[in-house]
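# A closer look at the structure
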Amino acid sequence: PNPEGVGRGGNEGGEGGDKAATQQVLMQVASFLKHELPIRLSHRVRDLGTVPYMSSMPSVRTVADWYAQSVSELSSFPEIRTPADEQAFAKLLEGIYERHASVLVTMARGAFELRGAIRRGEVGDA
């Protein structure tokens, strides 16, 4: 999914410098995301592992696993040096975006799992 106004190769009919500048910006953004996303996702994995009681809920572990898989994929992606690298990275991000699309629903399921465990007396008061 591409947000409105952000084109891949846009500026048809425009000057070549504009297209090159746009590609340069895309590569810079991709490089920033390649560096920053693994850090932020690693923090989420850590945070999910420290939430009392919820960290053991299957749905919460599923989300943590998704995040850890994304960290691994992002970390193993080579440095972005060419427009082809940027396009491959964009494809990787699309896959990660799709994987994470159901995080909210899955975390809500974790809350219901915790609620059920509390009602069954499997966990103490938080």
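Up top is the structure these notes are about.
An account of the accompanying structure is given in this report. (Residues numbered from 1 in each chain as written. Predicted model: local features only at pLDDT ≥ 70, side-chain atom pairs only at ≥ 80, totals over all residues. Heavy atoms only, no water.)

## Section: the packing of aromatic side chains
Note the following rule: Working definition: rings of Phe, Tyr and Trp (its six-membered ring) pair if their centres are within 6.5 Å, and the pair is stacked with planes under 30 degrees apart, edge-to-face with planes over 60 apart, and tilted otherwise. Runs of H or I in DSSP of at least four residues are treated as helices and runs of E of at least two as strands, each being numbered from the N terminus. Any residue under 20% of the maximum accessible area for its type is buried, any over 50% is exposed, and the rest in between are partly exposed; the area is computed with a 1.4 Å probe on protein chains only.
In total, this model carries 1 aromatic pair according to the counting rule given. Taking the centre distance of 5.2 Å and the plane angle of 65° together, the rings of Phe 77 and Phe 89 count as edge-to-face. A residue pair is termed long-range when its members are at least 10 positions apart, and Phe 77 in the loop between α2 (58-76) and α3 (83-100) and Phe 89 in helix α3 qualify at 12 residues. Classification of Phe 77 by relative accessible area gives buried; the value is 15%.

## Observations concerning the pattern of salt bridges
Operational definition: Throughout this description, the term salt bridge denotes a Lys or Arg side-chain nitrogen within 4 Å of a carboxyl oxygen of Asp or Glu.
All chains considered together, the criterion is met by 6 salt bridges. One salt bridge in this structure joins Glu 36 and Arg 40, with 3.0 Å as the shortest N-O distance. Of this pair, Glu 36 and Arg 40 both sit in helix α1 (residues 16-50), 4 residues apart, which is roughly one turn of that helix. Judged by relative accessible area, Glu 36 falls into the buried class, the value being 19%. Here Arg 44 ties to Asp 47 by a salt bridge, and the two come within 2.8 Å at their closest N and O atoms.

## So, the packing of α2 against helix α4 (residues 103-119)
Stated precisely, the cut-off is as follows: The angle between two axes is taken between their N-to-C directions and runs from 0 to 180 degrees, where each axis is a line fitted to C-alpha atoms and a helix contributes only its stretch in contact. In this scheme, roughly parallel covers angles under 35 degrees and roughly antiparallel covers those over 145, while 65 to 115 is roughly perpendicular and the rest are oblique. The contact definition used throughout considers only heavy atoms, calling two residues in contact when any of these lie within 4.5 Å. Only Asp, Glu, Lys and Arg are considered charged in this grouping, and only Ala, Val, Leu, Ile, Met, Phe, Trp, Tyr, Cys and Pro are considered nonpolar; every other residue, Gly among them, is considered polar.
The geometry of α2 relative to α4 is characterised by a closest axis approach of 7 Å and an angle of 150° between their N-to-C directions. The orientation of α2 relative to α4 falls into the category roughly antiparallel. Only Val 103, Thr 106, Met 107, Arg 109, Gly 110 and Glu 113 of α4 make contact with α2, whose side of the interface consists of Pro 58, Ser 59, Val 60, Thr 62, Val 63, Trp 66 and Tyr 67. The residue inventory of the contact of α2 with α4, partitioned by class, reads 7 nonpolar, 4 polar and 2 charged.

## Observations regarding the environment of Ala 111
Here Ala 111 lies in helix α4. Since its relative accessible area comes to 38%, Ala 111 is described here as partly exposed. Measuring from C-alpha to C-alpha, the distance between Ala 111 and Val 60 comes to 8.6 Å, with 51 residues separating the pair along the chain.

## What about the nonpolar core?
Soluble, globular proteins show a tendency: their nonpolar side chains are buried together. Selection rule: Residues enter a nonpolar core if they are buried and are Ala, Val, Leu, Ile, Met, Phe, Trp, Tyr or Cys, with the set joined through side-chain atoms within 4.5 Å.
Judged by nonpolar contacts, the single largest core of 20 residues is most densely connected at Leu 48, Tyr 67, Leu 74, Phe 89 and Leu 92. Mapped by element, the contributors of at least two residues to this core are α1, α2, α3 and α4. Each residue touching Tyr 67, except ones within four places of it in the same chain, is listed here: Leu 41, Arg 44, Val 45, Leu 48, His 100 and Val 103.

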